[in-house]
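Tertiary structure, described
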Amino acid sequence: MDDLRGAPLTLSEVARRVGGRLEGPGERTVEGIAPVDEAAPTQMAFLASKRYARYADGSRAGAFLVTPELRRYVPDGVPAVVVRDAYPALRTLLEHFHPPEALEVRVHPTAVLGRDVRLGEGVSVGPYAVLEDGVEVGAHTRIGAHCVLGRRVCVGNACLLHPQVVVYPDSVLGDRVVVHAGARIGSDGFGFTFVDGRHLKMPQVGRAVIEDDVEIGANSTIDRGSLGDTVLGRGSKLDNLVHLAHNVKVGALSLFAALVGVAGSTRVGERVWMGGQVGVSNHLHVGDGARLAIACKVMRDVRPGETVSGHPARPHREQLRNQARLNRLEKLVARVRALEERVRALEAGHGGGERHHGAGDGGNG
Amino acid sequence: MDDLRGAPLTLSEVARRVGGRLEGPGERTVEGIAPVDEAAPTQMAFLASKRYARYADGSRAGAFLVTPELRRYVPDGVPAVVVRDAYPALRTLLEHFHPPEALEVRVHPTAVLGRDVRLGEGVSVGPYAVLEDGVEVGAHTRIGAHCVLGRRVCVGNACLLHPQVVVYPDSVLGDRVVVHAGARIGSDGFGFTFVDGRHLKMPQVGRAVIEDDVEIGANSTIDRGSLGDTVLGRGSKLDNLVHLAHNVKVGALSLFAALVGVAGSTRVGERVWMGGQVGVSNHLHVGDGARLAIACKVMRDVRPGETVSGHPARPHREQLRNQARLNRLEKLVARVRALEERVRALEAGHGGGERHHGAGDGGNG
Amino acid sequence: MDDLRGAPLTLSEVARRVGGRLEGPGERTVEGIAPVDEAAPTQMAFLASKRYARYADGSRAGAFLVTPELRRYVPDGVPAVVVRDAYPALRTLLEHFHPPEALEVRVHPTAVLGRDVRLGEGVSVGPYAVLEDGVEVGAHTRIGAHCVLGRRVCVGNACLLHPQVVVYPDSVLGDRVVVHAGARIGSDGFGFTFVDGRHLKMPQVGRAVIEDDVEIGANSTIDRGSLGDTVLGRGSKLDNLVHLAHNVKVGALSLFAALVGVAGSTRVGERVWMGGQVGVSNHLHVGDGARLAIACKVMRDVRPGETVSGHPARPHREQLRNQARLNRLEKLVARVRALEERVRALEAGHGGGERHHGAGDGGNG
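Residues numbered from 1 in each chain as written. Chains lettered and ligands numbered in written order. Predicted model: local features only at pLDDT ≥ 70, side-chain atom pairs only at ≥ 80, totals over all residues. Heavy atoms only, no water.

On to the relation of the copies chain A and chain C, then. Superposition of chain A onto chain C requires a rotation of 120° combined with a translation of 0.1 Å along the rotation axis, giving an RMSD of 0.1 Å. Considering both components of the superposition, the chain copies are consistent with a three-fold axis. (Least-squares fit on C-alpha atoms with pLDDT ≥ 70 in both.)

Structural data, given as structure tokens:
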């Protein structure tokens, strides 16, 4: 597809690849792409947010990749490729300029493989990785250094496990799953029952099931199910330090930012977005397409498509209204105080109105 | 005790083991237990929450384990074992149907053992584990792959350390302690003193002491004490990604859900429950039996038995009252506006009362 | 400098080393320093907070290290060293009484070193560590067991990496950097672009750059930049389980407590303090010297020197005022209710004032 990977590109070629409009000399070449305030003269600057427009004037970039709205910030005389969808275009160029390194395919001699381990074609296993009895790994999957795959773990094709991932026994990963360093998949759920003055552990006998095209961030933890499975749906992505408790089910294409915690048995729909540090209580439903604003704390079901925020989370508009009311409380207190004075005056037999108007009021005495 | 572990059970036998009442044919057998919406015809369904009652009608389960209150949801003709305490009963059956795997007892040849390491009878050490000088491990403890026990660490009997646990030097673990993958015990507390324009590190010379029957979740971190020790009390349980800072003391039988953080020197009593993402500030006391609702942020001492919630945390009833007030603010504003109009009318010399009553009022003019 | 490290000290010598005033017999010796409620007769008690003054009377300590304000709590007859800056003094004594262990300098034979790895003088590499191709490590740096340094990672002089740290390819660490167990440096940022019904991964091609004298807590995660670098500034310190997203820039000497999350591209100034569980949204500026109170959730820029708190975070004084108002809402509601009654009375033609004053009012009837 791209047999020139990593090589400089002419601006004509850039425009062709990203489906953009070229403004300037098409034969000029660029060697890479960088933030507008960091780009060198041999690079393109990427400008897709008004926030960074103020850096455009001082940019040393040799060319710009820019959206139509921000076109006017490109300094005079600097060529530009103008493109409506900036991020897919950026992605295309990054994939060209930063091709993945060609890494050796081999099972490192220090890897410990148990009985009945089955490895597909082209599988790599890093130094000191441990694959316990009955593990199965699909074709072209890379298992990083120090990974531990427990008994009977099943990993699909073309996955990438960074170093020091631990997958507990019986967990299942689909195809093209990416797992970052230190993630734990299939750890025991937090389940105890109090008997005779002790917390007795409930056996956690379900599995953790990670569907195709999922990405899991560094040091995230996904518990196995207690009864039944924990499921992370196709194409969903977790950032770092995310916690999914036992029996959580997440639908397809959802995105959870860092430090999110979802408590036991909660069901999250498809295409749900959760900001960083969001917390969701147990046994709830979060509907398809819901948006949970950064750090909100969800104690009730969220309807499909709903945007919630705050602590406790509520519909975002309601939250804003409450905030505004709280901010106006000061004024409300002042209004009540004023009313009290006016009523006192009325009760004393001289209405505040008369004071304002300077009118005599003997008749009310 | 249970020489048939893993084998199918007759319903009579189920009823006998869980101390339940059998309703239906005692000779029918079941091979396992599963959630009501997932159970196969050869399995029992577990039904202990009204939330899942709606799945009962469509369940394919061959029998139900159910509480008296939910008995009526069991479909006609399906046998049931009725039991008051559902979770201990479930635990009994899970322990029967899912006996622990018989694992080999051995010190893996790749484990690195320092000088003066003492291992009790029946200790297992996984591949690539590192036990530094002076480590002591009690009988029948299992140390997972890649664990690192620092110098002079002392681990009791019958503990289970999952893979990639790091225990810093001089830490102490009691008996029957379970530690999940990636937990860090005895890391340095966050202590610095600002001198001459630099944050100088305070030596952290206390220990982390984990008492008997504690369980620690995946990727949780427990700092050592700075002066004096950090202590996690007997039978307490931590979920994943929990942080205990230096010199925190936690009493017996407390439960902390995922992503909880407790700041330095705070003392937490016995049987305290903290929901997910709870934060507790430093140098506080949380009394015995307190309940800290999900994600609440505790800035003041919590009294024994008290339930707190919110940000900042306050007594839960007060929190609810404040929320309700905030929600009613809209109405309060409307009432004040109405009062202002009525007072204006009174001041102008014609009371609103007359308007309402339609009474003549020449005398007030 | 201190050729008696670890040995007992006379109180005269203690006073000399910490620049304090001796009160009592200078020739008495102490063997260590401990919390006031834990110190043995051979140790000094450390008393620098009023919170712990109540333990002074029952203390078994042989002497006190104490601030002038708390001098009066030292029991009669117990010698004391009085010092204004207690924490630097404590640090001096801890460094004396707890000298670092002399550890062997060697590259463990099980360490896996790739091609073109360059190690400075006196570098230690622990068991099973993996240093990939092109890694460079400065003089006297210690790399713990199971650490993984990705391709071309560059680590400075005199660093300390505890066990199981993973540093992704191309990351850079300065001199004297301390990294605790399980920290992940340079993991991919959370960047996807939605094309044709899928979240496509944005290549993350920037670096993670950790400057001199930084300390990073256990299981913290610092993502590499997407375009451009993520930078953690000179002398800054992170506690455990902290998350810095891609392209975050943190200035010098900032302190972040545990479970803090900073979202993508946010710029944090110098000497900023963040309490535990603080969250900062993306693309924000947090000015130099700002203080972000425990668990506050920052959705807007924070000015230099500003203190913010709450959810959403706002200036702390404003937050307190809002809290106070909310608490007084009950009273405000009562005042409005009273006003309504009084206005009703006025409207009905008999002012409440007369009722209070007991005055006749026939004229208004």
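Once that is clear, we can look at the interface of chain C and chain B. Each partner contributes residues to the interface: chain C has 68 residues there, and chain B has 74 residues. If you sort the residues of chain C by the area they bury against chain B, C:Arg91, C:Tyr128 and C:Glu347 come out on top, with a joint share of 11%. The interface formed by chain C and chain B includes eight salt bridges. Between B:Lys249 and C:Glu38 there is a salt bridge, and its shortest N-O distance comes to 3.5 Å. Connecting chain C to chain B are 31 residue pairs in polar contact (both at pLDDT 80 or more). For the side of chain C that touches chain B, the secondary-structure elements that each account for two or more residues are strand 4 (32–35), helix 2 (86–97), strand 27 (237–238), strand 30 (255–256) and helix 3 (316–347) of chain C. Here the element with the most residues in the side of chain C that touches chain B is helix 3 of chain C; it accounts for 15 residues. Partitioned by chemical class, the residues of the side of chain C that touches chain B number 36 nonpolar, 16 polar and 16 charged. (Contact = heavy atoms within 4.5 Å. Buried area = accessible area lost by both parts, 1.4 Å probe. Salt bridge = Lys/Arg side-chain N within 4 Å of Asp/Glu carboxyl O. Polar contact = N/O pair within 3.5 Å; in protein donor to acceptor, adjacent residues only side chain to side chain. Helix = DSSP H or I, 4+ residues; strand = E, 2+ residues; numbered from the N terminus. Nonpolar A, V, L, I, M, F, W, Y, C, P; charged D, E, K, R; others polar.)

Moving on, we come to the sheet that holds strand 19 (residues 178–179) of chain A. Residue and element names in this part refer to chain A. In space, the 11 strands of this open sheet follow the order 10-13-16-19-24-27-30-33-36-38-39, with mixed pairing throughout. Strand pairing shows two members of the sheet lacking a second neighbour, strand 10 (124–125) and strand 39 (314–315), which therefore form its edges. Bridge count for strand 16 (residues 160–161) against strand 19 is two bridges, and the pairing is parallel. Residue Leu-161 lies in a different strand from strand 19, and its bridge partner there is Val-179. (Pairing = 2+ DSSP bridges.)

The description of an aromatic ring pair uses the distance of the two centres, along with the angle that the planes make with each other. Tallied over the full model, the rule gives 12 aromatic pairs over all chains. Ring centres 5.3 Å apart and planes at 75° place the aromatic pair C:Phe46 and C:Tyr87 in the edge-to-face group. Pair noted here: C:Phe46 is in strand 5 (residues 43–47) and C:Tyr87 is in helix 2, with a separation of 41 residues, a long-range link. Judged by relative accessible area, C:Tyr87 falls into the partly exposed class, the value being 42%. Ring-pair connections join several aromatic residues into one group, and the members of that group are A:Tyr128, B:Tyr128 and C:Tyr128. The aromatic ring of A:Trp273 is capped on one face by A:Arg291, whose charged end is 4.7 Å from the ring centroid. (Phe/Tyr/Trp six-rings, centres within 6.5 Å; stacked < 30°, edge-to-face > 60°. Buried < 20%, exposed > 50% of the residue type's maximum accessible area, 1.4 Å probe, protein only. Lys NZ or Arg CZ within 6 Å of the ring centre and 35° of its normal.)

Listed by partner, the interface residues are 68 residues for chain A and 74 residues for chain C. Interface area, chain A with chain C, both sides summed: about 5,700 Å², of which 61% is carbon and sulfur. When residues of chain A are sorted by the area they lose upon contact with chain C, A:Arg91, A:Tyr128 and A:Glu347 head the list and together hold 11% of the total. At the boundary of chain A with chain C, the tally comes to eight salt bridges. A salt bridge links A:Glu330 to C:Arg325, with the shortest nitrogen-to-oxygen separation between them at 2.6 Å. In this structure, the connection of chain A to chain C is made through 30 residue pairs in polar contact (both at pLDDT 80 or more). Going through the elements one at a time, strand 4 (33–35), helix 2 (86–97), strand 27 (237–238), strand 30 (255–256) and helix 3 (316–347) of chain A are the ones with two or more residues in the side of chain A that touches chain C. Of the residues in the side of chain A that touches chain C, the class split is 36 nonpolar, 16 polar and 16 charged.

Bringing the packing of helix 3 (residues 316–347) of chain B against helix 3 of chain C into the picture now. Where helix 3 of chain B meets helix 3 of chain C, the closest approach of the two axes is 10 Å, and the angle between their N-to-C directions is 30°. Here helix 3 of chain C runs roughly parallel to helix 3 of chain B, going by the angle between their axes. The chirality of how helix 3 of chain B crosses helix 3 of chain C is left-handed. When its residues are assigned to classes, the contact of helix 3 of chain B with helix 3 of chain C shows 15 nonpolar, two polar and eight charged. (Axes fitted to C-alpha atoms, helices over the stretch in contact; angles between N-to-C directions. Parallel < 35°, antiparallel > 145°, perpendicular 65-115°, else oblique. Left-handed = near helix turned anticlockwise from the far one by under 90°.)

This part covers unusual backbone geometry. Omega for the bond connecting A:His311 with A:Pro312 falls within 30 degrees of zero, at 0°, which places this linkage in the cis form. Structurally, the position occupied by A:Pro312 is in the loop between strand 38 (307–309) and strand 39. Residue C:His146 is not a glycine yet carries a positive backbone phi of 65°. With respect to the element layout, C:His146 can be found in the loop between strand 13 (142–143) and strand 14 (148–149).

Another aspect to go through is helix 1 (residues 11–18) of chain B. Residue and element names in this part refer to chain B. Within helix 1, the full set of buried residues consists of Leu-11, Val-14, Ala-15 and Val-18. For helix 1, the angular spread of the buried residues around the axis is 95°, confining them to a single face. Just past helix 1, the residue Gly-19 takes up positive phi, approximately 65°. (Arc of directions from axis to C-beta.)

Let's shift gears to the pattern of salt bridges. All chains considered together, the criterion is met by 72 salt bridges over all chains. Between B:Glu101 and A:Arg151 there is a salt bridge; the shortest N-O distance is 2.7 Å. Highlighted residues: B:Glu101 in the loop between helix 2 (86–97) and strand 8 (112–113) and A:Arg151 in the loop between strand 14 (148–149) and strand 15 (154–155), drawn from two different chains. Overall, the relative accessible area of 17% leaves A:Arg151 in the buried class.

This brings us to the side chain of C:Ser265. Among the secondary structure elements, C:Ser265 is positioned in the loop between strand 31 (261–262) and strand 32 (267–268). What makes C:Ser265 buried here is its relative accessible area of 17%. With near-sequence residues (within four places) excluded, C:Ser265 lies in contact with A:Tyr52, C:His246, C:Asn247, C:Val248, C:His283 and C:Leu284.

The subject of this paragraph is the confidence of the model for chain A. Residues and elements named next belong to chain A. Looking at chain A, the pLDDT average stands at 93 and 95% of residues meet or exceed 70. For residues 352–365, every residue scores under 50 in pLDDT, and the model assigns this stretch 17 contacts once sequence neighbours within four places are set aside. Listed scores for the predicted complex are pTM 0.93 and ipTM 0.92. (pLDDT = per-residue confidence, 0-100.)

Let us now look at the sheet that holds strand 39 (residues 314–315) of chain B. Residue and element names in this part refer to chain B. Spatially, 11 strands are ordered 10-13-16-19-24-27-30-33-36-38-39 in an open sheet, and the strand pairing comes out mixed. Each having just a single partner strand, strand 10 (124–125) and strand 39 make up the two edges of the open sheet. When strand 24 (residues 215–216) meets strand 27 (residues 237–238), the two strands line up parallel, connected through two bridges. Residue pairing across strands places Glu-215 opposite Lys-237, the latter belonging to strand 27.

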